[in-house]
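Letter by letter, the chains look like this.
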Amino acid sequence: MRQIGNTTAYRESLRQKILETAMPLFKKKGVRAVKMDDIANQLGISKRTLYELYNDKEDLLVECVKYDSDKGMQKITEYARMQENEMNIITYALKLKLDDLTDTNMLYFAELHKYSKIVALLQEDRERQRENTSKFIQKCIEHGYFRDDLNYDIVDCMSDAAIDYVMREKIYQKYSWKEIVYTFIILHLRGCCTEKGFKCLEEIVEEFINND
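This one's a predicted model, so the numbers in the text were calculated from it and none came from an experiment.

Participant: Provide a residue-level description of the side chain of His188, including the pertinent values.
Facilitator: On the secondary structure map, His188 appears in helix α9 (residues 177–189). Within polar-contact distance, the side chain of His188 engages the side chain of Ser159 at 3.4 Å.

Participant: Residue-level account of helix α7 (residues 116–142), with values.
Facilitator: If you check α7, its first and last C-alpha atoms are 39 Å apart, about what 27 residues at 1.5 Å a residue would give, namely 39 Å. Three or more residues of α7 are buried, namely Ile118, Leu121, Asp125, Arg126, Ile137 and Cys140. Next to the buried residues of α7 lie α4 (57–81), α5 (86–102), α6 (106–112) and α8 (152–168). Just past α7, the residue Gly144 takes up positive phi, approximately 85 degrees.

Participant: Run through the side chain of Arg126, naming residues and quoting values.
Facilitator: On the secondary structure map, Arg126 appears in helix α7. Among the polar contacts made by the side chain of Arg126, one reaches the side chain of Asp160 at a distance of 3.0 Å. Each residue touching Arg126, except ones within four places of it in the same chain, is listed here: Asp156 and Asp160.

Participant: Describe the nonpolar core, with residues and values.
Facilitator: Where a protein is soluble and globular, its nonpolar side chains tend to be buried together. Formed by 53 residues in total, the largest nonpolar core has its most connected members in Phe26, Ile39, Leu60 and Phe146. A per-element tally of this core places helix α1 (residues 2–29) first, with seven residues. The residues touching Leu60, leaving out its near neighbours within four places in the chain, are Ile18, Leu19, Ala22, Phe26, Met36, Ile39 and Tyr54.

Participant: Now, about the pattern of salt bridges: what can you tell me, with residues and values included?
Facilitator: Counted under the stated rule, the structure contains 15 salt bridges. A salt bridge links Lys47 to Asp37; the shortest N-O distance between them is 3.5 Å. You can see Lys47 sitting in helix α3 (residues 47–53) and its partner Asp37 sitting in helix α2 (residues 36–43), a full ten residues away along the chain. Residue class for Asp37 comes out partly exposed when judged on its relative accessible area of 37%. Linking Arg48 and Glu52 is a salt bridge whose minimum nitrogen-to-oxygen distance equals 3.7 Å. Of this pair, Arg48 and Glu52 both sit in helix α3, four residues apart, which is roughly one turn of the helix. Relative accessible area serves as the criterion here: at 66%, Arg48 is assigned to the exposed category.

Participant: Before we move on, can you summarise the environment of Ser46 with the specific residues and values?
Facilitator: With respect to the helices and strands, the residue Ser46 is situated in the loop between α2 and α3. Here the alpha-carbon distance between Ser46 and Met36, two residues ten residues apart in the chain, equals 9.8 Å.

Participant: Give a description of the packing of α4 against α5 that names residues and reports values.
Facilitator: Interaxial distance between α4 and α5 falls to 10 Å at its minimum, and their mutual angle equals 155 degrees. By the angle class used here, α4 and α5 are roughly antiparallel. In this structure, the crossing between α4 and α5 has a hand that is right-handed. Seen from α4, the contacting residues are Gly72, Lys75, Ile76, Tyr79 and Ala80; seen from α5, they are Asn88, Ile89, Tyr92, Ala93 and Leu96. Its residues assigned to classes, the contact of α4 with α5 shows seven nonpolar, two polar and one charged.

Criteria and thresholds
- Residues numbered from 1 in each chain as written.
- Predicted model: local features only at pLDDT ≥ 70, side-chain atom pairs only at ≥ 80, totals over all residues.
- Heavy atoms only, no water.
- Helix = DSSP H or I, 4+ residues; strand = E, 2+ residues; numbered from the N terminus.
- Polar contact = N/O pair within 3.5 Å; in protein donor to acceptor, adjacent residues only side chain to side chain.
- Expected span 1.5 Å × (residues − 1).
- Buried < 20%, exposed > 50% of the residue type's maximum accessible area, 1.4 Å probe, protein only.
- Contact = heavy atoms within 4.5 Å.
- Core = buried A, V, L, I, M, F, W, Y, C linked by side-chain atoms within 4.5 Å.
- Salt bridge = Lys/Arg side-chain N within 4 Å of Asp/Glu carboxyl O.
- Axes fitted to C-alpha atoms, helices over the stretch in contact; angles between N-to-C directions.
- Parallel < 35°, antiparallel > 145°, perpendicular 65-115°, else oblique.
- Left-handed = near helix turned anticlockwise from the far one by under 90°.
- Nonpolar A, V, L, I, M, F, W, Y, C, P; charged D, E, K, R; others polar.

So this is what it looks like as structure tokens:
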């Protein structure tokens with residue numbers, strides 16, 4: 001029984017190592033450029049071992065995207081536990097997103113949508129995020145940072161449309177991600193803020209501009 005337990009623990013440990021190795025490769029080179037051989041070689045394992053855990057590259061990619069999303073959410077959740085100010089949490093989340101975008105090859109995002117399983121996963125993840133965002137916005141309203149006279153479903157849809165446009169038209173090729181995210185902060189967050197929220201936002205903007 002102990003041998004089975006050890007085997008299971010080893011396989012789970014190997015799965016995590018594979019995800020931690022594969023995801024940076026996908027983000028750096030794009031999905032198509034990364035072969036299963038590349039991942040196996042990087043880990044020092046056989047391709048056969050890799051295929052024993054994942055049927056194909058799409059299955060591996062699905063698990064990578066899940067793992068990456070969960071890891072990012074965990075970071076924000078852990079940070080949020082230490083904060084009383086929702087505006088600080090927004091700042092932290094934006095910084096994480098900016099760092100991720102800056103370090104990612106845009107081919108990665110473009111190629112994700114060529115995989116049906118990934119498209120379904122991203123849609124599911126987006127719906128889950130909508131629920132979390134709605135609860136978070138309610139806290140921002142209750143604590144006096146956000147206005148209570150806006151339809152935040154519309155705000156959310158407009159934000160999504162802006163992000164889709166940036167990606168579709170490849171605005172990131174003309175402007176830096178820092179400038180794009182800064183513009184997003186001013187356009188979308190500023191209009192949601194009360195006077196109290198606006199004062200916090202000014203501090204966020206100053207910190208954001210000065211953070212290299």
